[in-house]
Amino acid sequence: MFAKIFHKHGTLPRSKNSKDDDDEESSMPPNLNPRLIVHYGIPATASILACDIVQRLVAVGTLDGRIKVIGGEYAEALLASPKNTPFKNLEVIDADRSGIWYLGDEYGMVYVIKYDAEQRKLAYLPYYVPTNVIAEEAGISSPDHPSVVGVLPQPCSQGNRVLIAFLNGLIVIWDVSDDQVVLVRGNKDLQLQGKTASGFPEDKLEVSDCASGSDNVEKEISSLCWASSDGSILAVGYVDGDIMFWNLPTAASKNNKQAEKSPNNVVKLQLSSGEKRIPVIVLHWSENQSHSARGCKLFVYGGDKIGSKETLTILGLEWPSGIESLKCVSRVDITPNGSFADMVLLPTVGETNNGGSLLFVLTNPGQLHVYDDACLAAMKSQDEEKPCVFSGQYVMPIPIVAPCMTVSKLSLVDRDGEFSKALSKIVSTAKLKESHTPITPSRKWPLTGGVHNLLSEAAVYEVQRVYVAGYQDGSVRMWDATYPVFSLVFVLGTEIYGKLPDIDNTGATAPVSALEISSFNQSVAIGNECGTSDEMSLNIVTETEKKVHTLHEADGPQCMAVFSLFNAPVCLLQYAAFGSRLAVGFKCGRVAMLDVSTFSMLYITDSLSRSNFPVNSFAMISFTDTNTNSPKDSKSTSLNDSEKGLAFIMTKDAYLAVLDGTTGHMVSSHIFTEMYLHAEGGTIVSVVSTVTSETKHEPAHSSTDPEIAPVEAKSEFSAQVAYLGEKSESLLILLCFENALHLCSLKSVIQGTCDSIREVNLLKQCCWTSTIKMDEKEYGLVLLYQTGVLEIRSLTKLEVMGQTSLMTILRWNFKTDMEKMICSSAKGHIILENGCEFAAVSILALENDFRIPDSLPCLHDSVLAAAFDATVKSEDMAPGFLGSFIKGLKDKWDRNNHIPEDCRNDFSHLEGIFSSPPFLKSSTDGNEDDLKIDDIEIDEKITVFPKYEKVTVFPSSEKIKNDEKNKKPERERLFEGSSTDAKPKLRTVDEIRAKYRGPEDAAAAAARARERLLERQEKLDVSTSSC
């Protein structure tokens, strides 16, 4: 189970830096620790599948060393290997295996490895399969031994037999208990008269010679799997597109070693009659639902002619009177929705436990589809031109592709505010309902693995953070992002516009282009590409008129107002003055200011950019933010101080305008020449005594524009602006551009000079920036470069504090326009999307809001595991077989619910067999043969000599013999009984057995041991006499 490998589910380990990232890394201060904290979706580099039949989980391995584990709804986790390398094999440890696998390498060796659950390590066991023995039996040269491509334990052999497949087509069955080769098959066996079967059920079986002209060369194996539950039929896929069915002896068969090489031992199956075909890359099998030993389902990827459509083929095969009667009775071709990566079979359980299985198909990028037996049966009679319909699909908890996400927003919510209370009520009701609702498997997604850890005190639940996303179909979704498991709060569909009079339905379905959230007035502002801005009695506001309509109240979010000003895409929305004002930036460069309290438009500007560039950034500073109100303003103003201030607006062509936030009158303007903001805006950050308010932008060389003169404002407002400029020396404006950072005083910006206090030229092109609050006194600036480098700088000094990369944290490569979907919060949380992946990254080391253990789902159900173990013990059977490592292949052992009667055993004895090298096992025939050297009694007199006394006592016959030895030269005595020839002697298998495990009984073994002791005593005596 996954719990035996990964102790902490849901913990996302940070990978070590690769060599490519070394230049992008720098030491981080203690308060910074960029790391992945939330992940949804299947990585685009997914390549291999595995399943847990007990916990009902599916694991997806990738080409970059990650494993995505998926269970039921919202139950998933991402595991990362320290090495950024592809997975060649992926399996789940079953309870009956004792964590033992075979491992074949490219040099033809087969080793045995074991997983130690306590030490949490993999270790080699002493046992191995010697290549020289296999080479001798197969008649090949040992130095040229081909690489191993597959290792499969043979079913119904109690784990004593293992099938080894080599790249050159050689197939060997090895007996680990007897350390001998049981069977050898290879390309030379294909020269026999065999049969070729067509992979189409309407074609008749054609009998021909399996060894065609092209078969005279070696046929390289590309995949293999068992095709019968007793291990008598082996299906082997080859590089040339052929599939061979080999009839092999089983453990219960007699005369295995002398198995006949008859024409009935092999049958060829071809999916296409083309001369050039795709290699058979994947082979899997499952039993027929009738549990018949004379047939199976074969799942094949490959084997079709080159240039044909990519398909996964499912064949129904039968051989009623032996392998020579093989025929195809059904065929289904599934066209993958994407590029095929892998497949796996998961047996059905519960009320559908009829021997069927679920087919999971992994395609790229990041898609996982499931087909049940009913779906596959329907495909048999389906028109070939119609697309295959799957019975289920993995759907991301947060949709990114279907529907297509166009904009997103992460916002903090005041836990004591009314907005948090309203959202908390919705979420708490849903959580309480969920805790009392029994979990039932969904037909759309059959996996049920994972245990949700619901918060115990749902009644006092508080929403502290929300995530809102807009989509191309015009819909908007909001999630509670307080904890790492995001909970859907509501979905605003386009149907709401159908109830609104005087609203064009075309605009209702327009893609969402901007979002903004205000906790103060409990509202969400939505802008789309048709120029409509909505707020959630109804007020419809246009550029020339305002209409009020009354709608029936309903549960959930309500639309408060619709602003349809003119037909231009909205590219920016931002609340100001505690949610009472809403600034709207358009793609044509115009800006509108809306009064949310009265649902009216205060003003709308002409295009601020001379080339109609889009509005990229907006920041609002009210006079109350600086505590610098002039005396005369306190008496004469008719507006609240919080609603009066300056609006700083920057367009994509680096034009900065300062406006009266109430009237829209121009205060000053400035153009940064040779500078452009990044695609989604740079950042304008105003700093007041280390208190920040933010938006977005980019820099370059600055100069004033003589053609644009500031508009003279009213004297009352001018006095406030002048007073603000004199008294706000601590107020700074940070301008972030693609290639530079400018920190300017507010006074110089208001005057139109934009003098830089600090200026930094960036060596790489920046595409996104954001500010974070590192502590009560210090703020930071996060920059994302188009190289994927993530940099953290001090906000006031602009000094680099640390550096990392998307590849290091997420193992993502930066893609064009990726910055458009990035959003962040002041607490250092950054949310990113990439293809089919959703990720949240935390920058601060001490920030732990997302990592509350009680809110994470547990992927290991201990109650279910205990029930399964008890069932296995009560039935005295093993639910599966030993797994295998497949070098360079994706072939895995497909487990089925039905197990033959003679296969119901355990493999507990294997660990003892593998505890010693081959041919060196201790005898296990009986206790009387377990002879230890210390148990031998020598019936001779033992003489004890005094210390330092050079006395040697020999029997008379032995004395004469040793005197003759002492007369020999020292070199001859040193190599007594051995040859001085330096060339090693090649020994046969029988000689090795005779040397290390002779067939003698216990008495003979005792006599031989006594002789060796006497010889050892003689040599010791000789050494003593020479001293």
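In this text the structure is predicted, and so the values were computed from the model without any measurement.

1. Digging into the sheet that holds strand S18 (residues 282-287)
Here comes step 1: Read across the sheet, four strands follow the order S18-S19-S20-S21 without closing on themselves; strand pairing throughout is antiparallel. Only two strands of the sheet have a single neighbouring strand rather than two, namely S18 and strand S21 (327-334). Each strand axis lies, on average, 20° off the axis of its neighbour in the sheet, ignoring direction.
Here comes step 2: Two elements, strand S19 (residues 295-301) and strand S20 (residues 312-318), share seven bridges in a ladder whose sense is antiparallel. The partner of Lys 297 across the bridge, within S20, is Gly 316.
Here comes step 3: Lying over the sheet, helix H2 (residues 373-380) contacts S19, S20 and S21, oriented at roughly 105° with respect to S21.

2. Side note on the sheet that holds strand S11 (residues 171-175)
Here comes step 1: With antiparallel pairing, four strands are arranged side by side in an open sheet as S9-S10-S11-S12. Whereas interior strands pair on both sides, the edge strands pair on one side only; in this sheet they are strand S9 (148-153) and strand S12 (180-185). Across the sheet, the mean angle separating the axes of adjacent strands is 20° when strand polarity is ignored.
Here comes step 2: In this fold helix H1 (residues 131-138) packs onto strand S10 (161-166), S11 and S12, with an angle of close to 45° to the strand it touches most, S12.

3. Considering H2
Here comes step 1: Taken together, the buried positions of H2 are occupied by Asp 373, Cys 375, Leu 376 and Met 379. What you see down the axis of H2 is that its buried residues fit within an arc of 160°, all on one side.
Here comes step 2: Buried residues along H2 sit in contact with S19, S20, S21, strand S23 (357-364) and strand S24 (367-371).

4. Looking at the pairing of strand S5 (residues 76-80)
Here comes step 1: Among the five residues of S5, four are classified as buried, and the element is accordingly described as predominantly covered.
Here comes step 2: Of the strand pairs in this sheet, strand S4 (residues 66-70) and S5 are connected by five bridges, and their pairing is antiparallel. Bridge assignment links Ile 70 to a residue of S5, and that residue is Glu 76.
Here comes step 3: Taken together, S4 and the strand that follows it, S5, pair antiparallel across an intervening segment of five residues, in which Tyr 74 is found at a positive phi of about 65°.

5. A short note on the confidence of the model for the chain
Here comes step 1: The pLDDT averaged across the chain works out to 74; a share of 64% of its residues lies at or above 70.
Here comes step 2: Taken together, the stretch residues 1-23 has pLDDT below 50 and engages in 60 contacts with residues farther than four places along the chain or on a different chain.
Here comes step 3: Scored below 50 in pLDDT, residues 255-260 shows 13 contacts in the model against residues more than four places distant or in partner chains.

6. Here's the deal with H1
Here comes step 1: Within H1, burial applies to Thr 131, Val 133, Ile 134, Ala 135 and Ala 138.
Here comes step 2: Directly after H1, the chain includes Gly 139, whose backbone phi takes a positive value near 75°.

Cut-offs used in this document
Residues numbered from 1 in each chain as written. Predicted model: local features only at pLDDT ≥ 70, side-chain atom pairs only at ≥ 80, totals over all residues. Heavy atoms only, no water. Pairing = 2+ DSSP bridges. Helix = DSSP H or I, 4+ residues; strand = E, 2+ residues; numbered from the N terminus. Axes fitted to C-alpha atoms, helices over the stretch in contact; angles between N-to-C directions. Contact = heavy atoms within 4.5 Å. Buried < 20%, exposed > 50% of the residue type's maximum accessible area, 1.4 Å probe, protein only. Arc of directions from axis to C-beta. pLDDT = per-residue confidence, 0-100.

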